[in-house]
Amino acid sequence: MEDNVAGRRAIPRNARIRSRMNPRLERLIQLHRADSDRREPKGGVAGVPKRKAELEAELAEGRAHLDRAKASLDESLKARRRHEGSLQDLEGKRSRYKGQLMEVKTNKEYTAMLHEIEAVEREIRGIEDEVLSEMEKAESLGAAVKQEEVAFKAREERHRGDVRELDARARVLEAEAQRLGAERDQIAAGLDEDILELFQRISRLRGSAIAEARDGMCQVCHVKLRLQMYSDLKRNEEIVQCPACNRILYYEPPVPVTVPEP
């Protein structure tokens with residue numbers, strides 16, 4: 001059985017079609033198969049812009065992560081500078097109060113001035129805590145920025161490599177599509193204009209112009225064919241269209257299976 005299967009696989013697909021097939025029908029089948037063969041590389045080329053857009057989106061996402069990390073660090077540094085400015089103002093106010101303390105003449109004024117100094121010093125301590133908190137926060141955010149920078153640099157390298165690989169694949173697919181297109185055009189050139197126009201019109205309407213007839217039905221739309229119609233088209237002598245989907249039908253006889261002698 002293994003020898004039989006191997007032999008069956010080695011048979012070219014066109015060899016399964018009867019030699020007495022209508023030449024125009026045989027060429028239509030070849031044209032249909034050429035269109036099918038060309039579809040994959042053409043689809044690959046068409047998908048390149050979408051994949052490039054996805055790669056750009058991935059890179060933009062990485063850049064956004066880095067930008068957010070930098071923005072957080074920048075905001076922390078600004079907050080620290082604001083606190084340090086407020087601290088400087090309060091220290092100046094405390095110095096003035098201490099200078100004024102030496103000029104008061106009554107105990108009541110002296111006590112009131114001390115309360116003012118204590119209030120300013122409480123504010124100073126609170127802002128000093130804020131400054132310290134922002135320093136610690138900035139240290140952590142600075143480390144995060146460095147980590148994001150390393151990650152983004154690696155992402156950029158991957159992006160450039162992915163784009164180069166995608167461009168190279170696109171060139172290969174484009175060349176393959178052009179080669180298959182030339183083969184397809186050569187096949188089409190051997191068809192009469194009316195038959196070619198019929199093929200192209202059905203292809204535009206249905207996506208494919210050819211369908212195999214097997215087991216008494218069209219194998220694409222699955223409509224059951226009349227017995228006489230199916231019997232006639234099995235000879236592959238005429239151009240026959242499916243009554244439901246209008247595709248051009250052909251019959252491909254089964255490969256004879258030779259049972260090896262015991």
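## A look at the pattern of salt bridges
Now for step 1: Under the definition given, this model contains 18 salt bridges.
Now for step 2: The partner of Glu54 in a salt bridge is Arg51, with the nearest N and O atoms 3.1 Å apart. Taken together, the positions of Glu54 and Arg51, both in helix H3 (residues 48-101) and three residues apart, correspond to about one turn of that helix.
Now for step 3: Of the residues examined, Glu54 reaches a relative accessible area of 34% and is grouped as partly exposed.
Now for step 4: Residue Glu121 pairs with Arg94 through a salt bridge whose shortest N-O separation is 3.8 Å. Of this pair, Glu121 sits in helix H4 (residues 107-189) while Arg94 sits in helix H3; the two residues are 27 residues apart in sequence, bridging distant segments of the chain.
Now for step 5: Overall, Glu121 belongs to the partly exposed group, its relative accessible area being 22%.
Now for step 6: Residue class for Arg94 comes out partly exposed when judged on its relative accessible area of 23%.
Now for step 7: Each of Asp35, Arg38 and Arg184 takes part in a single network of salt bridges with overlapping partners.

## Some remarks on the environment of Ala57
Now for step 1: Its location among the elements puts Ala57 in helix H3.
Now for step 2: It is 21 Å that separates the C-alpha atoms of Ala57 and Val145, two residues lying 88 residues apart in sequence.

## As for unusual backbone geometry
Now for step 1: You will see that Asp215, though not glycine, has its phi angle at about 55°, which is positive.
Now for step 2: In this fold, Asp215 is placed in the loop between strand S1 (210-214) and strand S2 (217-218).

## Observations regarding the sheet that holds strand S3 (residues 240-241)
Two pairing modes exist for strands in a sheet, parallel and antiparallel, and in both the strands are linked by backbone hydrogen bonds.
Now for step 1: Strand order in the open sheet made by the four strands is S2-S1-S4-S3, with mixed pairing throughout. Sheet topology places S2 and S3 at the edges, where each strand pairs with a single neighbour.
Now for step 2: One ladder, built from two bridges, connects S3 with strand S4 (residues 248-251); its direction is antiparallel. Each bridged residue has a counterpart across the sheet, and for Gln241 the counterpart in S4 is Ile248.
Now for step 3: Packing of helix H2 (residues 23-46) onto the sheet brings it into contact with S1 and S4, and relative to S4 it is tilted by some 105°.

## Here's the deal with a negative patch on the surface
Now for step 1: There is a patch of like negative charges on the surface, built from Glu91, Glu128, Asp129 and Glu130.
Now for step 2: For the negative patch, the leading source of residues is H4, giving three residues.
Now for step 3: As for its placement among the helices and strands, Glu128 is situated in helix H4.

## A look at the environment of Ala170
Now for step 1: Looking at the element boundaries, Ala170 is found in helix H4.
Now for step 2: Along the backbone, Ala170 and Lys42 are 128 residues apart, and their C-alpha atoms lie at a distance of 9.6 Å.
Now for step 3: Not counting residues within four places of it along the chain, the set of residues in contact with Ala170 comprises Val45 and Val48.

## A closer look at the confidence of the model for the chain
Now for step 1: In the predicted model, the chain carries a mean pLDDT of 88, and the fraction of residues at 70 or more is 90%.
Now for step 2: Looking over the chain, one finds the lowest element-wise mean pLDDT in helix H1 (residues 2-10), namely 32, and the highest in S4, namely 96.
Now for step 3: This model gives residues 1-19 a pLDDT under 50, and the stretch forms 23 contacts once residues within four places in sequence are excluded.

Reading the values: the criteria
- Residues numbered from 1 in each chain as written.
- Predicted model: local features only at pLDDT ≥ 70, side-chain atom pairs only at ≥ 80, totals over all residues.
- Heavy atoms only, no water.
- Salt bridge = Lys/Arg side-chain N within 4 Å of Asp/Glu carboxyl O.
- Helix = DSSP H or I, 4+ residues; strand = E, 2+ residues; numbered from the N terminus.
- Buried < 20%, exposed > 50% of the residue type's maximum accessible area, 1.4 Å probe, protein only.
- Pairing = 2+ DSSP bridges.
- Contact = heavy atoms within 4.5 Å.
- Axes fitted to C-alpha atoms, helices over the stretch in contact; angles between N-to-C directions.
- Patch = residues over 30% accessible without salt bridge, like charges linked within 9 Å, V, L, I, M, F, W, Y side chains within 5 Å.
- Areas by Shrake-Rupley, 256 points an atom, 1.4 Å probe, with all protein chains shown as cover.
- Lys, Arg positive; Asp, Glu negative; His and termini not counted.
- Charge placed at Lys NZ, Arg CZ, Asp CG, Glu CD.
- pLDDT = per-residue confidence, 0-100.

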